[in-house]
Amino acid sequence: MSFRQKRFHLATFAARLLIIISHPSFGADHIHYIVSLAHPEKHLILVTVEIPPGQNTRELQLPVWNALYQVRDFSQYMNWIRADSGGNALVLTQLNKSRWKTTGTENGARVQYELFADNPGPYGAQSNSHHAFFNLAEILCYIEGERGSPANVEFRDVPGGWKIATPLPQQGTGFSAINYDQLVDSPIEIGTFDERDFSAACGKYRVVVDAVDAQAILNKIIPPIQRIVSAETSWMNDCPFHSYLFIYHFAESSGGGGMEHAYSTAISLPRQDLAERFDQFLSTTAHEFFHLWNVKRIRPQSLEPVDYTKENYTPALWFSEGVDSTVAEYILVRAGLLDEQHYLNHLGQEITELENRPAHLTQSAEHSSLDAWLEKYPHYNLPSRSISYYNKGELLGVLLDLKMRDATDDRLSLQDLFRWMNDHYAKQGKFFPDSEGVRQAAENLSHANFSEFLRKYVSGVDEVPWDIFFSRVGVRVSSTEVTFADSGFQAAQAFDQPPTVVQIEPDSEADNAGLKPGDVIMQINRQRAGHDFETTIAGLGPGASLRLGVLRDGVQKDFQWTLGSHKQKVFRLEDVRDITAQQKSRRAAWLFGDGTAKQSSSNSSSSQLSSSPQ
């Protein structure tokens, strides 16, 4: 889902959206949507779709969740809804907050409703004078019993000079999907964006950028994107697509994240990341692109079929999101975008994050996955309450890889596990049975027992013996107690939202200054508060002056105090003493390749890769 944004998300809607469902023009069995951008300056959008002739009674459902593992109740932004058939009004009965029923639809019907929409970023729906971006599940009702029917969407009254980007294939004046699920898994960007195309393994790639100086940004990001897609398609030896779309938004915002789709991704990042944290761009891109296999095709059974009416619980996000990050970082190393030392430093930071959250002793990776629906609540994100399935899942992916290598003398690895799951589940239209499916795959390949591994570290909360796992590749995990600045409060960040103060230490300098729980941190020492706000504050050092600009009940307030100090363990990975040549060789195989046979496979051309039609 969202890359490395592990907290709650509160959508804000301020745009008027009018949706009309009317007669299809693509065929009698199609559900046809027409989106009119007649008044973008007013955020007013008209959409037309028809319920085809058929049943006398129809029920319509607006999804309550999409893009994030959070119930956001998109119907809260609906101003009104009505239905008619042939111009004659139909009775529309509301069944619950997001579902309606109408009768007299045997000859077809039209439903109209109006929404406000101004939620920016890859998880939302937004229309304004600058552009439009839609996750369509947030604005389009589906007709009960017709989710499997072909669907089409057409955009009209698009302002002059605006273009449309979507992974959906064009059909006539619109875009077609085999069903509702594919339709709403296809993001829409409409505006004056810049773009580049390139051909590489598996087919054609389209890169769309909505930002100031977009051409300069494209010049910078296209080369690493090419290296990422080449490395990942080779790593999987698979082409489940012929074209793929990257949509990037770069703005002067503090948050960011990415949303995966079967044939595309939408990514929003602060513009300053391009200069100051380009590694965040690389990691997000590699993570979201690998999702086209992991979670979109190699999919846990607990997430199927998708239920848009309530939470969809799964214990497998540690694998579908966390191990996705394991592969993403491996890919950056293999693609020459991340060197060995920086990768080991990254693992040290991930271990530091996990070990310094007391909840790692009370919440397992599976429970963290199940509790993903709580991430919108600030208290849940406190270190004493929860861990991140992204964080622990990434580390579990590394340990799983090292354990497979140890069991097979480096003949098999995490790469083989993903290829096996791709062959035995994705390509056969099957879903893997959550954590048990990962265990079965690892054991079928290695003929070793992985039950204890999953019991202790995936479903359990045993302390991880890091050195035992890493010793094979000549690495030990050391810790040092370091003194950091103590702000006197704890805050949690909500996906692409500013951080919110959750707890304040009694009688601390923050408490005495007047800071309160619920304050939204907008600035730190007059700089925008970003996703690394904790690192920013800690880096100021004990005794430094901290000035926070916050929003409290919509009113801007400023607070200033002197930072205290606290000690924290910092973990890092380093060579074991008297490292052997064999350990060095194993580390090279772990990070850079698994021998001649796999190197040959990873260097194969697109024509040699396993191909599937889009």
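What counts, and where the lines are drawn
Sequence order as written defines residue numbering, which begins from 1 separately in each chain. Totals for whole chains, interfaces and linings use every residue, but because this is a predicted model, local features are given only for residues with pLDDT of at least 70 and side-chain atom pairs only at 80 or more, for both listing and counting. Computation of side-chain values: all heavy atoms of the structure, hydrogens and water removed. By salt bridge we mean one thing: a side-chain nitrogen of Lys or Arg within 4 Å of a carboxyl oxygen of Asp or Glu. Runs of H or I in DSSP of at least four residues are treated as helices and runs of E of at least two as strands, each being numbered from the N terminus. Here the term buried applies to any residue with accessible area under 20% of the maximum for its type, exposed to any over 50%, and partly exposed to those in between, with areas from a 1.4 Å probe on protein chains only. Multiplying 1.5 Å by the residue count of a helix minus one yields the expected span of that helix.

Q: Can you help me understand the pattern of salt bridges in this one?
A: Note on pairing: side chains with opposite charge can pair once their charged atoms come close. If you walk through the whole model with that rule in mind, you get 32 salt bridges. The salt bridge partner of E195 is K163, with a shortest N-O separation of 3.6 Å. Here K163 lies in strand β14 (residues 163-165) and E195 lies in strand β18 (residues 194-200), a separation of 32 residues in the sequence. With a relative accessible area of 26%, E195 lands in the partly exposed category. Between R439 and E443 there is a salt bridge, with its nearest N and O atoms 2.4 Å apart. Separated by four residues within a single helix, R439 and E443 lie in helix α10 (residues 434-446), roughly one turn from each other. Overall, E443 belongs to the buried group, its relative accessible area being 18%. One salt-bridge network, held together by shared partners, links D401, R405, D406, D409, D410 and R472.

Q: Can you walk me through helix α4 (residues 278-290) in this structure?
A: Helix length check: α4, at 13 residues, gives a terminal C-alpha distance of 19 Å against a target of 18 Å (1.5 Å per residue), a fit within 8%. In terms of burial, α4 is a largely internal element, eleven of the 13 residues being buried. When we look at burial in α4, the residues that qualify are Q280, F281, L282, S283, T284, T285, A286, H287, E288, F289 and F290.

Q: How should the environment of G543 be read in this particular structure?
A: The topology assignment puts G543 in the loop between α14 (533-538) and β29 (545-552). Classification of G543 as exposed rests on a relative accessible area of 51%. In sequence terms G543 and E329 are 214 residues apart; their C-alpha atoms lie 36 Å from each other.

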